[in-house]
Amino acid sequence: MPSVPHTFLVDLFQDNLELLPTLLREVLHLTVPAYTEVRAVSADFTQLPLEFRADLVLVLYFDGQPVLAVIIEVQLSRKDEKRRVWPAYVAVERARRNCPTCLLVVCLEPEVATWAGQTIMDGNPGGISLRPLVAGPTNFPALTSIQAAEEPELAMLGVLAHQNDPQLIEVARDSLDGFKFLSDDRRKQYHEIVYALLRKAVNKGLLETQMLSQLKDRYKDTFQGYFEEGKAEGKTEGKADGAAKAIITVLRARDLVLDEPAQKRILSCQDLPLLDRWLVRAVTIPSVDDLFLDS
């Protein structure tokens, strides 16, 4: 089953179709052909001898004709079998659309990005090779607040890519400043994910608690329930209460059906790492039942 970050990244491209050409131009510095439309098309390659499915396929069209097909694979860890099937994805999609086709691999870890970007040879002398395009920590830009306001999805990709980077605090702050122009629901969604990543960085010792506290004060109105940490400041119970309220806020903002047993389960949980996972998951799950899959 795909992880929550995997699902969120795929949805980010699928729900914001202009993110792909923007990334190709501004992150990978490629020339994008003139186009009038971007469509999400079938990512199913079942005409192959085995059943293969990519994460997402987006096609750029000009006046109804495909001009570029991009197969998007979100790769959060090394899986050598992927490098055996990726050339097949490209070959089938190129034959299907009759247009230039490339593979874009989105990674969040530097070592995975290095692995994914290696040229894939078919083994024949002078044969066909494929070098995937890779978007990851080494080439994702740290956007200014003005750039984040103009391209919030690219800013979110930058925050995710820099989550283990010492400059995470600066990346997060500029992105949060840029998100102020988004709709209330979308801003809250992105802010909750950014804060969950910052909390994770604090727990791993990559970020000082004092820095997180400063962000808390600066964005208190937006984070709302997550910062309602109880009367006993710093106690686990108060922090858990704030996290639980934030999860319920996100679920309600997405109009998911939240029955009384599920609400009680969330509010009674005192496991902060689990609550952090639930918060990130709450952004993308199709139903509240999926919130508790690992517990």
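Residues numbered from 1 in each chain as written. Predicted model: local features only at pLDDT ≥ 70, side-chain atom pairs only at ≥ 80, totals over all residues. Heavy atoms only, no water.

**What to know about the packing of helix α2 (residues 19–26) against helix α6 (residues 152–161)**
Across the interface, α2 lies against α6 with an axial gap of 10 Å and an inter-helix angle of 65°. For the element pair α2 and α6, the recorded crossing hand is right-handed. Here α2 contributes Leu-19, Thr-22, Leu-23 and Glu-26 to the contact with α6, which in turn contributes Glu-153, Leu-154 and Leu-157. Looking at the contact of α2 with α6, its residues break down into four nonpolar, one polar and two charged. (Axes fitted to C-alpha atoms, helices over the stretch in contact; angles between N-to-C directions. Helix = DSSP H or I, 4+ residues; strand = E, 2+ residues; numbered from the N terminus. Left-handed = near helix turned anticlockwise from the far one by under 90°. Contact = heavy atoms within 4.5 Å. Nonpolar A, V, L, I, M, F, W, Y, C, P; charged D, E, K, R; others polar.)

**Side note on the sheet that holds strand β7 (residues 133–135)**
Within a sheet, neighbouring strands are paired by backbone hydrogen bonds and run either parallel or antiparallel to one another. Reading across from one edge, β1-β2-β3-β4-β7 is the order of the five strands in this open sheet, with mixed pairing throughout. Across the chains shown, the open sheet's two edge strands, defined by having one partner strand only, are β1 (37–41) and β7. Each strand axis lies, on average, 25° off the axis of its neighbour in the sheet, ignoring direction. Here strand β3 (residues 65–74) runs beside strand β4 (residues 101–106); their pairing, made up of six bridges, is parallel. (Pairing = 2+ DSSP bridges.)

**Let's talk about the packing of aromatic side chains**
Under the counting rule described, the total for this entry stands at three aromatic pairs. Seen from their ring centres, Trp-86 and Trp-115 are 5.9 Å apart, and the 55° between their planes marks the pair as tilted. Taken as a pair, Trp-86 in helix α3 (residues 80–97) and Trp-115 in helix α4 (residues 110–116) lie far apart in primary sequence, 29 residues in all. As far as burial versus exposure is concerned, Trp-86 and Trp-115 are alike and both buried. An angle of 85° between the planes, with centres 5.1 Å apart, marks the rings of Trp-278 and Phe-292 as edge-to-face. Remark: Phe-292 occurs in the segment after α13 (272–282) and Trp-278 occurs in helix α13; sequence separation between them is 14 residues. Each member of the pair, Trp-278 as well as Phe-292, carries the same accessibility label: buried. Sitting over the face of the ring of Tyr-61, Arg-39 holds its NZ or CZ atom 3.8 Å from the ring centroid. Above the plane of the ring of Phe-292 lies Arg-265, whose end atom (NZ or CZ) is 4.2 Å from the centre. (Phe/Tyr/Trp six-rings, centres within 6.5 Å; stacked < 30°, edge-to-face > 60°. Buried < 20%, exposed > 50% of the residue type's maximum accessible area, 1.4 Å probe, protein only. Lys NZ or Arg CZ within 6 Å of the ring centre and 35° of its normal.)

**Focus: α13**
Within α13, eight of the eleven residues are buried, leaving the element largely enclosed by the surrounding structure. Within α13, burial applies to Leu-272, Leu-274, Leu-275, Asp-276, Trp-278, Leu-279, Arg-281 and Ala-282.

**Some words on unusual backbone geometry**
If you check the backbone angles, His-29 has positive phi at about 55° while not being a glycine. Here His-29 lies in the loop between α2 and β1. Despite not being glycine, Asn-98 shows a phi value in the positive range, around 55°. As for its position among the elements, Asn-98 is in the loop between α3 and β4.

**Side note on the packing of helix α8 (residues 184–203) against α13**
At their nearest, the axes of α8 and α13 sit 9 Å apart, and the two run at 150° to each other. Our classification of the angle between α8 and α13 gives roughly antiparallel. Crossing angle aside, the handedness with which α8 passes α13 is left-handed. Across the interface between the two elements, Glu-192, Ala-196, Arg-199 and Asn-203 from α8 touch Leu-272, Asp-276, Leu-279 and Val-280 from α13. (Parallel < 35°, antiparallel > 145°, perpendicular 65-115°, else oblique.)

**What about the side chain of Thr-101?**
When you line up the elements, Thr-101 lands in strand β4. Residue classification places Thr-101 among the buried residues on the basis of a relative accessible area of 14%. Only 3.0 Å separates the side chain of Thr-101 from the backbone oxygen of Cys-99, close enough to count as a polar contact. (Polar contact = N/O pair within 3.5 Å; in protein donor to acceptor, adjacent residues only side chain to side chain.)

**Thoughts on the nonpolar core**
One finds Phe-13, Leu-20, Leu-23, Ile-72, Leu-104 and Leu-157 to be the most contacted residues of the largest nonpolar core, which totals 55 residues. No other element matches α8, which puts eight residues into this core. The residues touching Ile-72, leaving out its near neighbours within four places in the chain, are Phe-13, Leu-20, Asp-55, Leu-56, Leu-58, Leu-104 and Val-106. (Core = buried A, V, L, I, M, F, W, Y, C linked by side-chain atoms within 4.5 Å.)

**With respect to the environment of Phe-8**
One can find Phe-8 in helix α1 (residues 4–15). What makes Phe-8 buried here is its relative accessible area of 6%. For the pair Phe-8 and Ile-285, spaced 277 residues apart in sequence, the C-alpha separation works out to 9.3 Å.

**Notes on α6**
Here α6 lies mainly inside the structure; ten of its ten residues are buried. Of all the positions in α6, only Pro-152, Glu-153, Leu-154, Ala-155, Met-156, Leu-157, Gly-158, Val-159, Leu-160 and Ala-161 are classed as buried.

**Looking at the pattern of salt bridges**
Per the counting criterion, the structure on display carries seven salt bridges. For the salt bridge of Asp-80 with Arg-78, the shortest nitrogen-to-oxygen distance reads 3.7 Å. Notably, a salt bridge pairs Lys-264 with Glu-260, separated by 3.2 Å at the nearest N-O pair. Taken as a pair, Lys-264 and Glu-260 lie in helix α12 (residues 260–268) at a separation of four residues, close to a single helical turn. (Salt bridge = Lys/Arg side-chain N within 4 Å of Asp/Glu carboxyl O.)

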